[in-house]
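Listed here are the chains, written in short residue letters.
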Amino acid sequence: MIKKIFILIYFVILQTNLLFAEEIKKFVINGNKRITDETIIVFSNINIGSQVNSDDLNDITKKLYETNFFYDIELSLNQGILQIKVVENAIIQTVVFNGVKNKRILSALEENILLKEKRSFFETYIKDDEEKITNILRTNGYYFAKVDSKYLKNDNNTIDLIYDIELGERSLIKKIKFIGNKVLKDRKLKEIIVSEEARFWKIISKKKYLDIKRIELDKNLLKNYYKNNGYYNVAIESSSAQLVNDEYFELIFNINAGEKYYFRNATLELPQNYSQENFNGIISIFDKLKNKIYSLKKIEEILKEIDNIALSKQFEFISAQYNEKIIGKNKIDLNIKINESEKIYVNRIKVFGNYTTQENVIRNAMLVDEGDPFNEILLNNSINELKYKNIFNKVSFKLENTSDNLKKNIIINVQEKPTGEISAGAGTGTSGTQLSFGIAEKNYGGAGVRLDTNFHISDTFIRGKFSINNPNYNNSDKSLNTTIESTNIDQMSNFGYETTRTGLSLGTSYEQFKDIYFSPSFSNYYENLKTSSTASTSKKSQKGSYFDSEFNYRLSLNKLNQNFQPTDGYKTSFYQNVPLYSKDYALDTALEYSKFFSPSDSVVFNFSIFARGIASLNGKDVRVSKRVFLPNKKLRGFKSGRIGPLDSGEYIGGNYGSALNFVSSFPNLLPELQNVDFSIFVDAGNVWGVDYNESLDKSKIRSSTGVAINWFTPIGPLNFSLAVPISKADTDKTETFRFDIGTTF
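Residues numbered from 1 in each chain as written. Predicted model: local features only at pLDDT ≥ 70, side-chain atom pairs only at ≥ 80, totals over all residues. Heavy atoms only, no water.

### Points about the overall build of the chain
- Looking only at helices and strands, the chain has 13 helices and 36 strands in total.
- Principal-axis analysis of the C-alpha atoms gives the chain an extent of 105 × 65 × 65 Å.
- Taken across its 745 residues, the chain has 43% of its residues classed as buried.
- Across the chain, the fraction of contacts at a sequence separation of at least 24, relative to all contacts at a separation of at least 6, is 59%.
- Only carbon and sulfur atoms are counted for the fraction: they give 53% of the accessible area of the chain, which is about 39,200 Å². (Helix = DSSP H or I, 4+ residues; strand = E, 2+ residues; numbered from the N terminus. Buried < 20%, exposed > 50% of the residue type's maximum accessible area, 1.4 Å probe, protein only. Contact = heavy atoms within 4.5 Å. Areas by Shrake-Rupley, 256 points an atom, 1.4 Å probe, with all protein chains shown as cover.)

### Digging into unusual backbone geometry
- The phi dihedral of Val-183 falls on the positive side, at around 65°, and the residue is not glycine.
- With a phi close to 65°, Asp-477 is a non-glycine residue in the positive phi region.
- Following the sequence through the fold, Asp-477 ends up in the loop between strand E21 (461-470) and strand E22 (480-491).
- In this structure Asp-477 comes out as exposed when scored by relative accessible area, which is 62%.

### Description of the sheet that holds strand E4 (residues 70-78)
- One open sheet accounts for 3 strands, arranged E2-E5-E4; its pairing is mixed. The sheet terminates laterally at strand E2 (26-30) and E4, the two strands that pair on one side only. Within the sheet, the average angular offset between the axes of one strand and its neighbour, ignoring direction, is 15°.
- Judged from the 8 bridges that link them, E4 and strand E5 (residues 81-88) form a sheet pairing that is antiparallel. Counted as the bridge partner of Phe-70 is Glu-88 from E5.
- Against the sheet, helix H2 (residues 37-44) contacts E2, E4 and E5, and its axis sits at roughly 115° relative to E2.
- Contacting E4 and E5, helix H3 (residues 54-66) runs over the sheet at an angle of about 155° to E4. (Pairing = 2+ DSSP bridges. Axes fitted to C-alpha atoms, helices over the stretch in contact; angles between N-to-C directions.)

### Structural notes on the pairing of strand E35 (residues 717-727)
- Examined bridge by bridge, strand E34 (residues 702-712) and E35 share 10 bridges and lie antiparallel to one another. Of the residues in E35, the one forming a bridge with Ala-708 is Ser-721.
- Linkage of E34 to E35, two consecutive antiparallel strands, is achieved through a turn of 4 residues.
- Bridging between E35 and strand E36 (residues 737-744) involves 5 bridges; their strand directions are antiparallel. In the sheet register, Leu-718 faces E36, and the bridge partner there is Ile-741.

### Examining the nonpolar core
- Core analysis: the largest hydrophobic core is formed by 42 residues, its most contacted members being Tyr-294, Ile-302, Ile-318, Leu-334, Leu-386 and Ile-410.
- Within the residue set of this core, elements represented by two or more residues are helix H8 (280-289), helix H9 (296-310), strand E14 (331-340), strand E15 (345-352), helix H11 (376-388), strand E16 (392-401) and strand E17 (407-416).
- Ranked by the residues each element gives to this core, the list is headed by H9, at 6 residues.
- Counting residues in hydrophobic clusters, the runner-up holds 24 residues, among them Ile-92, Ala-108, Ile-159 and Ile-165. (Core = buried A, V, L, I, M, F, W, Y, C linked by side-chain atoms within 4.5 Å.)

### A closer look at the packing of aromatic side chains
- Applying the stated criterion across every chain yields a total of 29 aromatic pairs.
- Seen in terms of ring centroids, Phe-43 and Phe-69 are 5.9 Å apart; in terms of plane orientation they differ by 25°. Their pairing is stacked. Here Phe-43, found in helix H2, pairs with Phe-69, found in the loop between H3 and E4; they are 26 residues apart in sequence, far enough to count as distant.
- When the ring of Tyr-225 is compared with that of Phe-564, the centres are 6.3 Å apart and the planes differ by 65°; the resulting orientation is edge-to-face. Of this pair, Tyr-225 sits in helix H7 (residues 212-228) while Phe-564 sits in the loop between strand E26 (544-558) and strand E27 (569-581); the two residues are 339 residues apart in sequence, bridging distant segments of the chain.
- Each residue in the set Tyr-510, Phe-518, Phe-522, Phe-551, Tyr-553 and Phe-574 is aromatic and connected to the rest through ring pairs, giving one cluster.
- Across from the ring centre of Tyr-143, 5.0 Å away, lies the NZ or CZ of Arg-138, which sits over that ring. (Phe/Tyr/Trp six-rings, centres within 6.5 Å; stacked < 30°, edge-to-face > 60°. Lys NZ or Arg CZ within 6 Å of the ring centre and 35° of its normal.)

### Digging into the confidence of the model for the chain
- On average, residues of the chain score 87 in pLDDT, and 97% of them reach the 70 mark or higher.
- Low pLDDT (under 50) marks residues 1-19, which in the prediction has 2 contacts with non-local residues, meaning those over four places away or in another chain. (pLDDT = per-residue confidence, 0-100.)

### Some thoughts on the side chain of Gln-576
- Along the chain, the position of Gln-576 falls in strand E27.
- Within the local environment of Gln-576, its side chain forms a polar contact with the side chain of Thr-589, the two groups lying 2.9 Å apart.
- If sequence neighbours within four positions are ignored, Gln-576 has contacts with Phe-551, Asn-552, Tyr-553, Leu-587, Asp-588 and Thr-589. (Polar contact = N/O pair within 3.5 Å; in protein donor to acceptor, adjacent residues only side chain to side chain.)

### Topic: the sheet that holds E15
- Across the sheet, which stays open at both edges, the 3 strands sit in the order E15-E17-E16 with mixed pairing between neighbours. What marks the edges here is a single partner per strand, and that holds for E15 and E16. Each strand axis lies, on average, 20° off the axis of its neighbour in the sheet, ignoring direction.
- Pairing of E15 with E17 involves 6 bridges; the strand directions are parallel. What sits directly across from Val-351, in E17, is Ile-412.
- Set on the sheet, H11 makes contact with E16 and E17; between it and E16 the angle comes to about 155°.

### Observations regarding a nonpolar patch on the surface
- On the surface, Ile-422, Leu-435, Phe-437, Ile-439, Phe-455, Ile-457 and Ile-462 cluster together into a nonpolar patch covering about 600 Å² of accessible area.
- Per-element tally for the nonpolar patch: the top contributor is strand E19 (residues 432-444), with 3 residues.
- When you line up the elements, Ile-457 lands in strand E20 (residues 449-458).
- Relative accessible area serves as the criterion here: at 32%, Ile-457 is assigned to the partly exposed category. (Patch = residues over 30% accessible without salt bridge, like charges linked within 9 Å, V, L, I, M, F, W, Y side chains within 5 Å. Salt bridge = Lys/Arg side-chain N within 4 Å of Asp/Glu carboxyl O.)

### Points about H8
- Regarding H8, the residues found buried are Ile-282, Ile-283, Ile-285, Phe-286 and Leu-289. Taken down its axis, H8 places every buried residue within 155° of arc, on the same side. In H8, the exposed positions angled more than 90 degrees off the buried face are occupied by Asp-287 and Lys-288.
- Among the structural elements, strand E12 (262-269), H9 and E14 are those in contact with the buried residues of H8.
- Two residues or fewer after H8 comes Asn-291, characterised by a positive phi angle close to 65°. (Arc of directions from axis to C-beta.)

### Re helix H4 (residues 103-112)
- Those residues of H4 that sit buried are Ile-105, Leu-106, Ala-108, Leu-109 and Asn-112. Within H4, the buried residues cover an arc of 160° as seen down the axis, which keeps them to one side.
- Where H4 begins, one side-chain oxygen reaches toward the backbone nitrogen of Arg-104, 2.9 Å away; that side chain belongs to Asn-102.

### Some remarks on the packing of H4 against helix H5 (residues 125-139)
- One way to put it is that H4 packs onto H5 with a least axis distance of 10 Å and a crossing angle of 150°. Between H4 and H5, the angle falls in the class roughly antiparallel. The handedness of the crossing between H4 and H5 comes out as right-handed. Facing H4, whose interface residues are Ile-105, Ala-108, Leu-109 and Asn-112, H5 presents Lys-132, Ile-133, Ile-136 and Leu-137.
- Each residue belonging to the contact of H4 with H5 can be placed in one class, and the counts come to 6 nonpolar, 1 polar and 1 charged. (Parallel < 35°, antiparallel > 145°, perpendicular 65-115°, else oblique. Left-handed = near helix turned anticlockwise from the far one by under 90°. Nonpolar A, V, L, I, M, F, W, Y, C, P; charged D, E, K, R; others polar.)

### Here we look at the environment of Ser-695
- By the element assignment, Ser-695 lies in the loop between strand E33 (676-688) and E34.
- As a C-alpha pair, Ser-695 and Pro-645 span 50 residues in sequence and 9.3 Å in three-dimensional space.

Quick look at the structure:
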């Protein structure tokens, strides 16, 4: 009976609206000076002959306000004549920043404020821009900068906007301290956070300046790292900056790690009419959690599985809640509750604040679209995806009611931030010296496209590379990567050859199956190979020019608990380079596997396998520039590239190479040395196989053992090792001591 009454009321309201609707016969527009009558009619989305009621008039008003062209709008409808009276917003004629002379900072201010020249003026936006200006200045070290604004009205309905800025002195971070029950050493914590200590050579980095937002990011990074490693109740109790000698700041983080927690039980609550079979993916994860260290990544894995379920039409209207309950001293019970949500649909998605970023970049990140069922899980993940792009300072949303109770509008507000980066670094060690410089833009043209240009130079190579990454090419949810590069490798004195390789590659990368990523690419390279006068006849015969067209692909499975300093899980990667056109067709294949295990906070074990082989497909010798050499880190105790087959006194690499590595790290050894970590290792490896002369192939497993020390020095990370060979060949060149140190500018 009640249902019938509601239906009757609905039809009465509907008929009433139709009864009071009028047909538009004519438009009369007053007050517009810059905006033409035709443009206003287009904005209203109403045509001659349209039936219009009071609700439609309200919609027209909203649409006209959304254009940001009008300060005031009045609508009236009488005898088919729709009268629209508008007051246009003033136009910003000039924007002036008094007190700032640095062109780079001025450019950042001009790019990121809302009230730009030639745009409509909104007085309410001034405070937002003052906040943006303050944040940009703080990011550049002007922590105590003061910003005042004023505007002058001109006779031609334009505005001159003036910001008076008092910069003050730059606020440098002299020292970063970690105090409290932090469990971890300072060295590891400094590598987790973004802020860094100021040094005289750091002329590019902004991270040396005190910045509230960056400090909040540091606190979140620290908290997430601790929680991902079992410290569920970690508290970053305070972070403070103390002024030293009225010149520098000391940044202090007070950390209470608390106990390490373990999962005890995990349960799933479903509505009565739901079958448990549809949620087997979640239950299988639950089965693996019992007695495992608490980890945020495990929670995210469960929530990702719920996302996949929510994407199916059968479960469009579900929501999920998870609750964690501490049991005893260090156990946690996890409960996931699935609920049926109200059956509401998305009417419109409105985006505000994207003055540089194209709207399709934001919409493409959304897992919900107009007309879709409203799902809170997917909406929250859409917002997280926008934040993950790292092109916005702030992303927020709210829901807006519509005239239809079964539909809601989603209002998304974004606050853009500078997306350009400049980087530079230098390093030296027993393996040589290198310099690097790079320029990157994460949101080129507002299209969400990343541009990256970098240049590297060392004792033996020079490389320049330009790359373009479109994370959602042609709305396919797959990235498109384009790379153009030129590399010169001069190994004439070491291995008797020099090569210059120039070309481009085109590829993509995406998740093919759960946690399995597929990265295929096509490449075309031109190579010019030179050999030394003392090189063997075989090597000299390879001198000349080559054109290679190749198909490359990589399959990777990542089950690490975290990508940065993992303590549990494993990662497997398989790579293959298939020649499509070449003078000397050769198939290049590689496999890498790494496993981490930590029985306690005092030790982390790591076991890794490396194997690579390159084989000729047409009977020709494998090109010397393509032959296999073991990477430096895979076999300590031996000079880089100085093991394996030897021809005319030169190491020529092999057709095959492999290595086994076992490392035991002791992160809490000698706690008084806060910036030093220790580890012991056993390495074993071999390079073998000479296709053109089997007599040169004297295969022998090389092995070594030793100790490695990682020291976070004032200059930068210093890594050195002391290694003793266990087994070797007579022709091998050993290296007892090895070190590398690097820094950024």
